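Spelled out from the first residue to the last, the chains are:
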Amino acid sequence: MDVRIAEDWKEILAPEFEKPYFEQLTGFVRAEYASHRIFPQGRNIFRAFDKCPFDRLKVVIIGQDPYHGEGQANGLCFSVNDGVQFPPSLQNIFQEVHDDVGAPIPESGNLDRWAEQGVLLLNAVLTVRAHEAASHAGRGWETFTDAVVRAIAERKSGIVYMLWGNYAQRKGAIADPSRNLILKAVHPSPLSAYRGFLGSHHFSQANEYLIKTGREPIRW
């Protein structure tokens, strides 16, 4: 599989790639791609790390599982390929961005532009079978992405963590609130967004913090 990942991330995560669990995970994922329809495309599995190199990292957003519908997943959490209809959670994210910072609702749900500004859009599980939600959960990806969050927490401060929903909040719990900005809300899913995601002002709070700490705000 021709996967792409930024060099600095490759170096930081090299110890994980050598561990037995990762070897087992790789075997499982290869077999799945060979026998089933798997999303995202193989080369995009580590795309979140390729589009947002470690040295540019400012914001971490944690998702759970890649989208499992046709043509949706592109390796960044909550993001979809150009021309794909916005899933409901992404629709709510764009609505909140619009209400919070006044940015127009974009035509494309592709969040490459966020990643390229330093937003790590990290799913806890990086692959999924077509039309089978959470089909690759519990296979080792969670151990790997825990190691990613731990590496960020240990090596960087001044990071904005946007933790939406209980799952993301548990995964991001290692981040030190005295050295970073931790923003928590319910998940942007239609089932919960109205209970505190909409109206949370996370996007403006993130930018205020980045400006206060001497960095460029994100163009949401």
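Residues numbered from 1 in each chain as written. Predicted model: local features only at pLDDT ≥ 70, side-chain atom pairs only at ≥ 80, totals over all residues. Heavy atoms only, no water.

If you trace the four strands from one edge of the open sheet to the other, you get E3-E2-E5-E6, paired in parallel fashion. In this open sheet, the two strands that pair with only one neighbour each are strand E3 (119-123) and strand E6 (181-185). Between one strand axis and the next, the sheet turns by 15 degrees as a mean value, whatever way the strands run. By the bridge criterion, five bridges tie strand E5 (residues 160-164) to E6 in an arrangement that is parallel. Paired with Met-162 across the bridge in E6 is Leu-183. Sitting on the sheet, helix H6 (residues 141-155) touches strand E2 (59-63), E3 and E5, and the angle it makes with E3 is about 150 degrees. (Pairing = 2+ DSSP bridges. Helix = DSSP H or I, 4+ residues; strand = E, 2+ residues; numbered from the N terminus. Axes fitted to C-alpha atoms, helices over the stretch in contact; angles between N-to-C directions. Contact = heavy atoms within 4.5 Å.)

Okay, helix H1 (residues 7-17) next. For H1, the full list of buried residues reads Trp-9, Ile-12, Leu-13 and Glu-16. End-on view of H1: buried residues confined to an arc of 80 degrees, all on one side of the axis. Seen from the open side of H1, the exposed residues pointing more than 90 degrees away from its buried face are Glu-7 and Glu-11. If you follow the buried residues of H1, they end up packed against helix H2 (20-35), helix H3 (47-51), E3 and H6. (Buried < 20%, exposed > 50% of the residue type's maximum accessible area, 1.4 Å probe, protein only. Arc of directions from axis to C-beta.)

Take the packing of H2 against H6 next. Contact pair H2 / H6: the axes reach a minimum separation of 9 Å and the direction vectors enclose 125 degrees. Relative to H6, H2 is oriented oblique. In the crossing of H2 with H6, the sense of the turn from one axis to the other is left-handed. On H6, the residues touching Tyr-21, Phe-22, Leu-25 and Val-29 of H2 are Trp-141, Thr-143 and Phe-144. (Parallel < 35°, antiparallel > 145°, perpendicular 65-115°, else oblique. Left-handed = near helix turned anticlockwise from the far one by under 90°.)

Before going further, it helps to examine the environment of Phe-94. Position of Phe-94 among the secondary structure elements: in helix H4 (residues 88-101). On the accessibility criterion, Phe-94 (2% relative accessible area) is buried. Phe-94 sits 84 residues away from Ser-178 along the chain, and the two C-alpha atoms are 29 Å apart. Leaving out residues up to four positions away in the same chain, Phe-94 has contacts with Phe-86, Ile-105, Pro-106, Ser-108, Gly-109, Leu-111, Arg-113 and Trp-114.

Throughout the structure, instances matching the rule amount to 21 aromatic pairs. Here the aromatic rings of Phe-78 and Trp-164 are separated by 5.7 Å at their centres, their planes lie at 55 degrees, and the arrangement is tilted. Here Phe-78, found in the loop between E2 and H4, pairs with Trp-164, found in strand E5; they are 86 residues apart in sequence, far enough to count as distant. You'll find Phe-78 and Trp-164 in the same group, each marked buried. Measuring from centroid to centroid gives 6.0 Å for Trp-141 and Phe-144, while their planes differ by 65 degrees, and the two rings are edge-to-face. (Phe/Tyr/Trp six-rings, centres within 6.5 Å; stacked < 30°, edge-to-face > 60°.)

Right, let's talk about the pairing of E6 for a bit. Judged by which residues are buried, E6 turns out to be one-sided: Leu-181, Leu-183 and Ala-185 face inward and are buried, whereas Ile-182 and Lys-184, on the alternate face, are not. This β-α-β element, E5 to helix H7 (residues 166-171) to E6, shows right-handed connectivity. (Right-handed = clockwise from strand over helix to strand, strands pointing away.)

So, about the packing of H1 against H6. At their nearest, the axes of H1 and H6 sit 11 Å apart, and the two run at 130 degrees to each other. When the axes of H1 and H6 are compared, the pair comes out oblique. Where H1 crosses over H6, the handedness of that crossing is right-handed. Listed contacts from H6 to Trp-9, Ile-12, Leu-13, Glu-16 and Phe-17 of H1 are Phe-144, Ala-147, Val-148, Arg-150, Ala-151, Ile-152 and Arg-155. Among the residues making up the contact of H1 with H6, the classes are represented as nine nonpolar, no polar and three charged. (Nonpolar A, V, L, I, M, F, W, Y, C, P; charged D, E, K, R; others polar.)

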